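Each chain, letter by letter, is given below.
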Amino acid sequence: MNMPIYMDNHSTTKVDPGVIEEMLPYFTVHYGNAASRNHTFGWDADKAVEAARERVTKIIGADSREIIFTSGATESNNLALKGVVEMYVEKGNHIITQVTEHRSVLDTAKRLEKSGINVTFLPVDSNGLVDPDDVRKAITDRTVLISIMLVNNEIGVIQPIEEIGKIAKERGILFHCDATQGIGKVPVDVQTMGIDLLSYTAHKLYGPKGIGALYVRRKNPRVRLSPIIDGGGHERGMRSGTLNVPGIVGFGKACEIAMKVMKEESARLLSLRERLRKGITDSLEEVYLNGHPARRMPGNLNLSFAYVEGESLLMGLKEIALSSGSACTSATLEPSYVLQALGVSPELAHSSVRFGLGRFNTEEEVDYVINRVTETVNRLREMSPLYEMAKAGVDLKQVRWRK
Ligand SMILES: *Cc1c(COP(=O)(O)O)cnc(C)c1O
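This structure is a prediction, so every number in the text was calculated from the model and none was measured.

Draft legend 1. Local environment of helix H4 (residues 73-87). Helix length check: H4, at 15 residues, gives a terminal C-alpha distance of 20 Å against a target of 21 Å (1.5 Å per residue), a fit within 8%. Counting buried residues along H4, 11 of its 15 residues qualify, which places the element largely inside the surrounding structure. By the burial criterion, the buried members of H4 are Ala73, Glu75, Ser76, Asn77, Asn78, Leu79, Ala80, Leu81, Gly83, Val84 and Val85.

Draft legend 2. Spatial organisation of the sheet that holds strand E3 (residues 94-98). Spatial ordering of the open sheet is given by E2-E8-E7-E6-E5-E3-E4, a layout of seven strands whose pairing is mixed. Both edges of this open sheet fall to strand E2 (67-70) and strand E4 (118-122), since each of them pairs with a single strand only. Averaged over neighbouring strand pairs, the angle between their axes works out to 20 degrees when direction is ignored. Here five bridges tie E3 to E4, and the two strands are oriented parallel to one another. Within E4, the position partnered with Ile95 by the bridge is Val119. On top of the sheet, helix H5 (residues 103-114) reaches E3, E4, strand E5 (143-147) and strand E6 (174-178); it is set at about 145 degrees to E4, its chief contact.

Draft legend 3. Local environment of the sheet that holds strand E12 (residues 323-324). The strand order E9-E10-E15-E12 describes an open sheet built from four strands, whose pairing is antiparallel. Across the chains shown, the open sheet's two edge strands, defined by having one partner strand only, are strand E9 (287-289) and E12. The pairing of E9 with strand E10 (residues 300-305) spans three bridges and is antiparallel. By the bridge assignment, Tyr288 is partnered in E10 with Ser304. Contacting E9, E10 and strand E15 (352-356), helix H8 (residues 245-283) runs over the sheet at an angle of about 15 degrees to E10.

Draft legend 4. Spatial organisation of the site of the ligand. Neighbouring residues of the ligand: 14 residues in total, closest Thr74, Asp178, Gln181, Thr201 and Lys204. The backbone of Ala73 places a nitrogen or oxygen atom 2.9 Å from an oxygen atom of the ligand. Compared with its free state, where it exposes 390 Å², the ligand has 87% of that area covered by protein. With three residues, the single largest contributor to the shell around the ligand is H4. Taken together, the residues of the shell around the ligand sort by class into two nonpolar, 10 polar and two charged.

Draft legend 5. Here's a closer look at empty space enclosed by the protein. Tallied over the full model, the rule gives one cavity of 30 Å³ or more. Within this model, the largest cavity holds a volume of roughly 100 Å³. Around the largest cavity, the lining is made up of 13 residues, and of these Lys185, Leu269, Met297, Gly299 and Leu357 lie nearest the centre. For the lining of the largest cavity, the domains that each give at least three residues are domain 1 (17-257) and domain 2 (262-398).

Reading guide: rules and limits
Residues numbered from 1 in each chain as written. Predicted model: local features only at pLDDT ≥ 70, side-chain atom pairs only at ≥ 80, totals over all residues. Heavy atoms only, no water. Helix = DSSP H or I, 4+ residues; strand = E, 2+ residues; numbered from the N terminus. Expected span 1.5 Å × (residues − 1). Buried < 20%, exposed > 50% of the residue type's maximum accessible area, 1.4 Å probe, protein only. Pairing = 2+ DSSP bridges. Axes fitted to C-alpha atoms, helices over the stretch in contact; angles between N-to-C directions. Contact = heavy atoms within 4.5 Å. Near = heavy atom within 4 Å. Polar contact = N/O pair within 3.5 Å; in protein donor to acceptor, adjacent residues only side chain to side chain. Areas by Shrake-Rupley, 256 points an atom, 1.4 Å probe, with all protein chains shown as cover. Nonpolar A, V, L, I, M, F, W, Y, C, P; charged D, E, K, R; others polar. 1 Å grid on protein atoms, 1.4 Å probe; cavity = no way out; pocket = protein on both sides within 12 Å on 5 of 7 lines; lining within 4 Å. Points joined across faces, edges and corners; volume = space filled by probe spheres on them. Domains from an automatic or database assignment.

Note that all results are geometric; they support no functional claim without further evidence.
Right, dumping it as structure tokens:
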């Protein structure tokens, strides 16, 4: 077994060797600018970009003319929200999203709010799911955009995108989906899901960092966007800037591989995930699953270990790369806003750990992680006065702490 073990595949993924192999010549031989029209270097680069564009669109069931390459999903989300709001300002000034979106959607929506746009942040239920009926009820005559993610990056739950897409269509409102965590993991089809704009990024599916895309529907309806980056008019004027040719080639290859292996890989990851979940919950008490137990992407497991700080647990597991549900800001340790939106207590949110299984994880690694997590949680609980009190039958909620 190779140490350290990487089990943080929702943060980013290792680049697949097949992807690297395909990218390399675009650094060393075909290093032209895809916008150079007068020589073979430019033509070769352009040809590679267009071939990759086909692959990147195929995985979502779109047409290659409907893709804008960006620097990643953060930029795609910014472009979708800001671009639509600016373009459709005459139609309305209201957008709908929900509370567990990625920061790049939430913070963009909050910035738009400051400039006078009305934003509805829909709640989620205790499983982390949005109710399509809430979406329907939130729509007004002034609504121009609905933005709901496909798969949540912390708890892996899959939102009812098809139902929401249907509602958006009925009401003639544009529907944007941040599908970053879902692409290559769960089937995505912009037609059946009724999606008009879709964000994704290569580095979450075994491609390189710094390259992403925004799908923009061309017909039924034709979506128009205001660009947020002006310049040489690349990507049909929607996103200026010299194309990242090796990145785009790698993104294309990553999509091609994902389409080929998705079905088998999902089944394998689901079985690894269940092995991990069962292994941990069989050997430890008071471990709670966060997010819907079934409606979640195969590689995601998010658990709270009562009486244990997630950060301390990770500190004790230095040879394993995982994420905790606390965001370290400069002064405080903020519990995850996603878990809080589910109604998880701050204590249990602080106790949470996200296991992100991916293509390169093995059963051997899973078994190692089960043992090390069990051992470390037991050790930390033995040192915890709260755990001792709870074991002795004290109801901690009734305890009045001296200030
Ligand atoms: C990672 C992620 C993003 C941001 O993608 P970048 O390419 O790193 O900017 C956006 N949304 C979700 C759901 C993500 O998981």
